[in-house]
Amino acid sequence: MRLWDFWILKGEKKFQCPNCGADGAKKAKDWTVLCPNHSCPYFDRSLATAPPSANWGQAATTGSFTPARPITIRYRNFQNQDKTFTADAEVTVRKKNHLVAAVAPSGKKIVLARNRIQNLSEVESALPQKIEAGQGWPSPGEAQVLGYHKKHGTRSPLYEKVRGKYPNW
């Protein structure tokens, strides 16, 4: 047992909740996490600073998400039903042959197949572009360098050179 584990066992050490990231979480003597965040599954009333407001639970159920840059996506699902979604263009990303979008009113992220989107050209033109118009895609080696340094948060001279060619990547 490390020296500072004594403080954790005693319940004195506060840290960030591993589930929601809220500051002020504690570990109990039985190693369970106690969190002050009302929406966290590890919530403990003894750590809460203020009781939740009267409409606290309604925000999640009624949906209070409003997109910063709304785009309308017309989608035909596998049952051949036409659906219309309002999504946020800033957080919508392309993942292979799909688009991942946060939709109103709940703010939940959903995955949409590109071949089922009825207004695909309109939607893709509204999304943030990784490359500029008329510019080619990075080679596999360049994409690997860009992906590695983005994932690890590091930099190298080669990364800076490739990043100069693809500033929005």
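Residues numbered from 1 in each chain as written. Predicted model: local features only at pLDDT ≥ 70, side-chain atom pairs only at ≥ 80, totals over all residues. Heavy atoms only, no water.

Visitor: What is the right way to read the sheet that holds strand β8 (residues 109-113) from this model?
Guide: Hydrogen bonding along the main chain pairs the strands of a sheet, whether they run parallel or antiparallel. If you trace the 3 strands from one edge of the open sheet to the other, you get β6-β7-β8, paired in antiparallel fashion. The open sheet is flanked by β6 (93-95) and β8, the only strands paired with a single partner. Taken over all neighbouring pairs, the strand axes of this sheet differ in orientation by 30° on average, direction set aside. Pairing analysis gives 3 bridges linking β6 to strand β7 (residues 98-102), with the strands arranged antiparallel. Bridged to Arg 94 within β7 is Leu 99. (Pairing = 2+ DSSP bridges. Helix = DSSP H or I, 4+ residues; strand = E, 2+ residues; numbered from the N terminus. Axes fitted to C-alpha atoms, helices over the stretch in contact; angles between N-to-C directions.)

Visitor: Would you take a moment to explain helix α4 (residues 140-152) for this structure?
Guide: Relative to the 18 Å expected for 13 residues at 1.5 Å per residue, α4 spans 18 Å between its end C-alpha atoms, a close match to the ideal helical length. Here α4 has its buried residues at Glu 142, Val 145, Leu 146 and His 149. Considered in projection along α4, the buried side chains sweep an arc of 95° and stay on one side of the axis. Seen from the open side of α4, the exposed residues pointing more than 90 degrees away from its buried face are Pro 140, Gln 144 and Lys 151. Looking at the buried positions of α4, the neighbouring elements they touch are α5 (157-165). Positive backbone phi, at 70°, marks Gly 153, one or two positions downstream of α4. (Expected span 1.5 Å × (residues − 1). Buried < 20%, exposed > 50% of the residue type's maximum accessible area, 1.4 Å probe, protein only. Arc of directions from axis to C-beta. Contact = heavy atoms within 4.5 Å.)

Visitor: When you look at the pattern of salt bridges in this model, what are you seeing that I'm missing?
Guide: When the charged atoms of two side chains lie near each other, side chains of opposite charge can form a pair. Counted under the stated rule, the structure contains 6 salt bridges. The partner of Asp 82 in a salt bridge is Arg 76, and the shortest N-O contact between them spans 2.8 Å. Overall, Arg 76 belongs to the partly exposed group, its relative accessible area being 31%. In this structure, Glu 142 and Lys 165 form a salt bridge, with 2.6 Å as the shortest nitrogen-oxygen distance. Of this pair, Glu 142 sits in helix α4 while Lys 165 sits in helix α5; the two residues are 23 residues apart in sequence, bridging distant segments of the chain. Of the residues examined, Glu 142 reaches a relative accessible area of 16% and is grouped as buried. (Salt bridge = Lys/Arg side-chain N within 4 Å of Asp/Glu carboxyl O.)

Visitor: Is there a simple way to think about the pairing of strand β4 (residues 70-76) in this case?
Guide: Note on strand geometry: in a regular strand, side chains alternate between the two faces of the sheet. In β4, alternate side chains face the same way, and those of Ile 71, Ile 73 and Tyr 75 are buried while those of Pro 70, Thr 72, Arg 74 and Arg 76 on the opposite face are not. The turn joining β4 and strand β5 (residues 82-88), which pair antiparallel and follow one another in sequence, is formed by 5 residues; a positive phi near 65° is taken by Asn 80.

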